[in-house]
Amino acid sequence: SFRVSRSGLDRGSGGRESRGAMRPILMKGHERPLTFLKYNREGDLLFSCAKDHNPTVWFADNGERLGTYRGHNGAVWCCDVSRDSMRLITGSADQSVKLWNVQTGAQLYSFNFDSPARSVDFSVGDKLAVITTDPFMGLPSTIQVKRIARDPNEQSSESVLTIKGPQGRINRAIWGPLNKTIISAGEDAVVRVWDTETGQLLKESDKETGHQKTVTSLSKSADGSHFLTGSLDKSAKLWDARTLTLIKTYVTERPVNACAISPLLDHVVIGGGQEAVHVTTTDRRAGKFEAKFFHKILQEEIGGVKGHFGPINALAFNPDGRSCMFQTYIFYNSVILHSFSSGGEDGYVRLHHFDPDYFTIKM
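Everything numeric in this text was worked out from a predicted model, so none of it was measured.

*Asks:* Describe the sheet that holds strand β20 (residues 201–204), and please don't skip the residues or the numbers.
*Replies:* Spatially, four strands are ordered β17-β18-β19-β20 in an open sheet, and the strand pairing comes out antiparallel. Strand pairing shows two members of the sheet lacking a second neighbour, β17 (170–175) and β20, which therefore form its edges. The mean inter-strand angle of the sheet, taken between neighbouring strand axes irrespective of direction, is 20°. Summarising the sheet, β17 and strand β18 (residues 181–186) pair through five bridges and their orientation is antiparallel. Within β18, the position partnered with A173 by the bridge is S184.

See the structure below:
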């Protein structure tokens, strides 16, 4: 049930024609809106989460569905995959975080909580995982660190660190450089850096220069030195992961639900649109349902990719274009396939492979 169509990277606000054509592959495997997308380290597998309870794995080159991970009883908000692509971790509204065998789909372990699990992230080395839980029935939001055993039979549910979070939901928490810090952001619009040994709050984003509304998404650069946040205040911001210094701001005309940093070029991609409750039309343009590309350094809009019939909730760049063999091109004497994927309120994952012109866009 895959359909291949042709789409172009539209003219950006700077009036320049961006000729990088793309051929999106439409992947329909979810019954409900998408919530999160994650590639494995090699870039040959793409994992998708949605409100339909069933995380799904796809071939990242051609969009073929490999299988689903069945066991959750609520919306799945987030996932991560280990460096060796052997284990998947998922967080769900059913108040559990589950570990899975990527290859067989077998559930290895379930961490159970007293509130919905919103965010999951493996540490460098995959020996730890940071998990956030929502405020629920009088309980505060929390950031919890679990030790991940090599042998599932030795896995423990005990948290090695628990941090009581700020007011409101923590939408995302990730590991900082060398696993020494945890970076979190959410409903109160403040980005925070925590010490992983003590749980002490080390830094907070400035309320004036930082986001003014809920931070919906948080995405690291390939080397982990900086990260990107997206917010309902219609902006995305680039931060230094060590110092929490604000580096760049990208302003758009729609609430931002998802963002990602290109691993190959100085580009960021931002997606969003109207909230689902405000959507009264299926016109793609009316809802501004497109992924917008910005130059990471110059902060200028390069162009956009349309296609979704609802808000974009998830975005991810393929981390390693050189490992794929589908639609490869010779560029600067090396084989490169660069692609990104988007997941929408419409239940579709759209897989976009860049044509060679994308790599020669001039600002």
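*Asks:* Talk me through the side chain of S82; I want residue IDs and the actual numbers.
*Replies:* Residue placement: S82 occurs in the loop between β9 (76–81) and β10 (87–92). Looking at S82, the relative accessible area reads 4%, which means it is buried. Each residue touching S82, except ones within four places of it in the same chain, is listed here: R87, F122 and D126.

*Asks:* Please set out the confidence of the model for the protein residue by residue, giving values where relevant.
*Replies:* Taken over all residues, the pLDDT of the protein has a mean of 87, while the share at 70 or more is 84%. The low-confidence segment residues 1–21 (pLDDT under 50) makes 68 contacts with residues lying over four places distant or belonging to another chain.

*Asks:* Break down the pairing of β20 for me, citing the residues and quoting the values.
*Replies:* Examined bridge by bridge, strand β19 (residues 192–195) and β20 share three bridges and lie antiparallel to one another. Each residue of the ladder has a partner; that of W194, found in β20, is L201. Hairpin connection of β19 to β20: five residues between the antiparallel strands, including G199 at a positive phi of 80°.

Criteria and thresholds
Residue indices follow the written sequence of each chain, beginning from 1 at its first position. Since the coordinates come from a predicted model, pLDDT governs what is reported: local features require at least 70, and pairs of side-chain atoms require 80 or more to be given and counted, while whole-chain, interface and lining totals use all residues. Each side-chain value is derived from all of the structure's non-hydrogen atoms; neither hydrogens nor water enter the calculation. Should DSSP find at least two bridges between two strands, the strands are taken to pair. In this description a helix means any DSSP run of H or I spanning at least four residues, a strand means any run of E spanning at least two, and both kinds are numbered starting from the N terminus. Axes, fitted as lines to C-alpha atoms, cover a helix only where it is in contact. Angles between the N-to-C directions of the axes lie from 0 to 180 degrees. Under the scheme applied here, a residue whose accessible area is under 20% of the maximum for its type counts as buried, over 50% as exposed, and between as partly exposed, the area being computed with a 1.4 Å probe on protein chains only. Any two residues whose heavy atoms approach within 4.5 Å at even a single point are treated as in contact. For every residue, the predictor states its confidence as a pLDDT score lying anywhere from 0 to 100.

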